[in-house]
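So you can see what is in the structure, the chains are spelled out below.
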Amino acid sequence: EALYRLSPSAASARSMGTMAYKDGNFVKASEYFKEAADQEADPIKRAEDYLKIGISFQKRGNLSLAKTALLQAAKSRKNWGDPYIVLATVYGQAAGDCGSNAFEKNAVYWAAINKANYAASIDPSVSSKATKLINAYKQGIPDKGVSFQLGHKQGESYTIGCWINETVVADWTL
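First things first, this report covers the structure right here in the doc. (Residues numbered from 1 in each chain as written. Predicted model: local features only at pLDDT ≥ 70, side-chain atom pairs only at ≥ 80, totals over all residues. Heavy atoms only, no water.)

### Description of the pattern of salt bridges
Logical step 1: Inspection of every chain in the model, using the stated rule, returns seven salt bridges.
Logical step 2: Across the pair Arg14 and Glu40 runs a salt bridge whose closest N-O atoms are separated by 2.7 Å. In this pair, Arg14 is assigned in helix H2 (residues 10-22) and Glu40 in the loop between helix H3 (26-39) and helix H4 (43-60), connecting sequence segments 26 residues apart. Neither residue differs from the other here; Arg14 and Glu40 are each classed as buried. (Salt bridge = Lys/Arg side-chain N within 4 Å of Asp/Glu carboxyl O. Helix = DSSP H or I, 4+ residues; strand = E, 2+ residues; numbered from the N terminus. Buried < 20%, exposed > 50% of the residue type's maximum accessible area, 1.4 Å probe, protein only.)

And the structure:
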């Protein structure tokens, strides 16, 4: 802390963020990691800072800000699957919160599966994690019978509302 106060830098802010994260202070952690990202010239380190910001927001339950930070991490470091893996878990965490019926509330699982698939397609090193998430999220997709009763059919496009704002394809053949 003394070093940080004497000579604030990306590295010292990152260290402070790591300490705050380990202490469970995700508010402070996200603030320090943001400060580190703002000062960082290296795009790989900046991407890692944004990933940590996203995870800190996820831990706090602020999923929309987590999404924003994770997309910034992905933008800062192309072909890196980790931000999309975490984004898949953020979407999975949102199940039940977006929508007004069983179909809408569980359609987020298709978005989560899409992000996991995309992560594996750009970064083979995350394929194992992606496969585990996909297999877990397949169990949560909307029930086919209930979905049909609500007027939804195989292959239709559906835009998930709230902060997710992504279009998915209804697919029970996964």
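Having seen it, we continue.
### Points about the environment of Asn106
Logical step 1: Here Asn106 is to be found in helix H7 (residues 102-106).
Logical step 2: Its relative accessible area of 24% is what places Asn106 among the partly exposed residues.
Logical step 3: Each C-alpha atom of the pair Asn106 and Gly140 lies 6.5 Å from the other, and the pair is 34 residues apart in sequence.
Logical step 4: Once residues within four sequence positions are removed from consideration, Asn106 is found in contact with Ala95, Gly140, Ile141 and Pro142. (Contact = heavy atoms within 4.5 Å.)

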